[in-house]
Amino acid sequence: MRTVRFSRNATGTLFVGGALALTLTALAYPAVLGLNTVTTSQSRVIADTRWGPLTEGDRDFVVKVRAAGLWEYPVGQMGLRQGTSKAVITASRHLVDGHAALDATCRKIAPLLNITLPNQPSPQQQGFVRTLASDSGKKFDTDFANILRMTHGSIFNTIAKIRSTTKNSLVRALADQANDTVLDHMEVMEKTGLVDFDQTLFQQTTPPKLPSSDLTPPPPAPGQPQVVLTPPPNPTSTPVDLSALTGEPPTTTSPGPAPTPTVG
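Residues numbered from 1 in each chain as written. Predicted model: local features only at pLDDT ≥ 70, side-chain atom pairs only at ≥ 80, totals over all residues. Heavy atoms only, no water.

Bringing the packing of helix α2 (residues 86–112) against helix α5 (residues 169–190) into the picture now. Helix packing geometry: the angle between the two helix axes and the distance between the axes. As a packed pair, α2 and α5 sit with axes 10 Å apart at the nearest point and diverge in direction by 170°. Considering their axes alone, α2 and α5 lie roughly antiparallel with respect to each other. Packed against α2, whose contacting residues are Ala91, His94, Leu95, Gly98, His99, Ala101, Leu102, Thr105, Cys106, Ile109 and Leu112, the element α5 presents Leu170, Leu174, Gln177, Ala178, Thr181, Asp184, His185, Val188 and Met189 at the interface. For the contact of α2 with α5, the class distribution of residues is 12 nonpolar, 7 polar and 1 charged. (Axes fitted to C-alpha atoms, helices over the stretch in contact; angles between N-to-C directions. Helix = DSSP H or I, 4+ residues; strand = E, 2+ residues; numbered from the N terminus. Parallel < 35°, antiparallel > 145°, perpendicular 65-115°, else oblique. Contact = heavy atoms within 4.5 Å. Nonpolar A, V, L, I, M, F, W, Y, C, P; charged D, E, K, R; others polar.)

Written as structure tokens, this is what we have:
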């Protein structure tokens, strides 16, 4: 294993390796992903797996969860440095902790389902990071709480739809974990006392009409090591135990060294 610190160019902690568990034809990288669902064939089955059929919507959901962590994890690190209130710093810890655990589950199930994961968030999500990186003081705290409450509120609805419709047991397990994590993150944003609900809910329910290229995380370059979101030294969130579904023994992991809180 080769690791590096999560840095400003989003190279992150890197992990190389991992054989695919299925000999399926490689699934096409999702065409359009982001805060909006714009593909019209989300229910189309793209693979039959031992865990149930996998639809376009299932695959896109796994990639969305991964992409969310790729920008919210470094923003959590940013909040640990730039947050000016105890509530914002607490919310930042929840972001780092929760997305490290979600990312571990995504990286576990993606090769089993032959899903290609991105190593960078979408251009829209990168724009959120740039906005927060340019903020300071109270403005940082306010933008942090409102942007993250809006984005978590958007994905929360997607989680509910996937959980209620997917026939794939691995995707259901990820949806269960994502539901708990995203609800927790919404709550800690609300506890900052900075969320403007009228504006945030308007942006959540009336998102801007962006081109698909802005909503799509770029696919990883061939042979590029996989970015890993390292858990904090004393994590309170853990990846889903998939041993009952995969037939593999439960994985026991020790937290790695605490990543330096920098912007991805």
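Turning next to the pattern of salt bridges. Counting across every chain of the model gives 7 salt bridges. In this structure, aspartate 103 engages arginine 107 in a salt bridge whose closest nitrogen and oxygen atoms are separated by 2.7 Å. Here aspartate 103 pairs with arginine 107, and both are found in helix α2, just 4 residues apart, close to one helical turn. Arginine 107 shares its class with aspartate 103; the two are buried. (Salt bridge = Lys/Arg side-chain N within 4 Å of Asp/Glu carboxyl O. Buried < 20%, exposed > 50% of the residue type's maximum accessible area, 1.4 Å probe, protein only.)

Moving on, we come to the pairing of strand β3 (residues 52–55). Here strand β2 (residues 45–49) pairs with β3 via 4 bridges, running antiparallel. The partner of aspartate 48 across the bridge, within β3, is proline 53. Linking β2 to β3, which pair antiparallel, is a turn of 2 residues. (Pairing = 2+ DSSP bridges.)

With that out of the way, let us pick up the environment of arginine 66. Among the secondary structure elements, arginine 66 is positioned in helix α1 (residues 56–82). Exposure remark for arginine 66: the relative accessible area of 0% places this residue in the buried category. The spacing of arginine 66 and leucine 102 is 36 residues in sequence and 7.7 Å in space, taken between C-alpha atoms. Discounting chain neighbours no more than four positions away, the residues touching arginine 66 are Asp103, Cys106, Arg107, Leu117, Pro118, Asn119, Gln226 and Val227. Of note is the side chain of arginine 66, whose polar atom sits 2.6 Å from the side chain of aspartate 103. (Polar contact = N/O pair within 3.5 Å; in protein donor to acceptor, adjacent residues only side chain to side chain.)

For the rest of this paragraph, the subject is the confidence of the model for the protein. Here the protein averages 82 in pLDDT, and 79% of its residues register 70 or above. The model gives residues 1–39 a pLDDT under 50, and that stretch makes 119 contacts with residues more than four places away or in other chains. Across residues 252–264, where pLDDT falls below 50, the model places 40 contacts with residues more than four positions away in sequence or in other chains. (pLDDT = per-residue confidence, 0-100.)

A few words now on helix α3 (residues 123–133). When α3 is considered as a whole, its buried residues turn out to be Gln124, Gln125, Gly127, Phe128, Val129 and Leu132. Buried residues along α3 sit against α1, α4 (137–165) and α7 (212–215).

Considering the arrangement of structural elements, one finds arginine 59 in helix α1. Residue arginine 59 is classed as buried on the basis of its relative accessible area, which comes to 8%. Sequence-wise, arginine 59 and alanine 110 are 51 residues apart; in three dimensions their C-alpha atoms are separated by 8.7 Å.

As a further point, take the side chain of histidine 185. As for its position among the elements, histidine 185 is in helix α5. Look at histidine 185 and you get buried, because its relative accessible area is 0%. The contacts of histidine 185, once residues within four sequence positions are left out, are His94, Leu95, Gly98, His99 and His152.

Evaluated as defined, the whole model comprises 2 aromatic pairs. Measuring from centroid to centroid gives 5.2 Å for tryptophan 71 and phenylalanine 128, while their planes differ by 45°, and the two rings are tilted. With tryptophan 71 in helix α1 and phenylalanine 128 in helix α3, the pair connects residues that are 57 residues apart, well separated along the chain. As far as the burial class goes, tryptophan 71 and phenylalanine 128 line up, both buried. (Phe/Tyr/Trp six-rings, centres within 6.5 Å; stacked < 30°, edge-to-face > 60°.)

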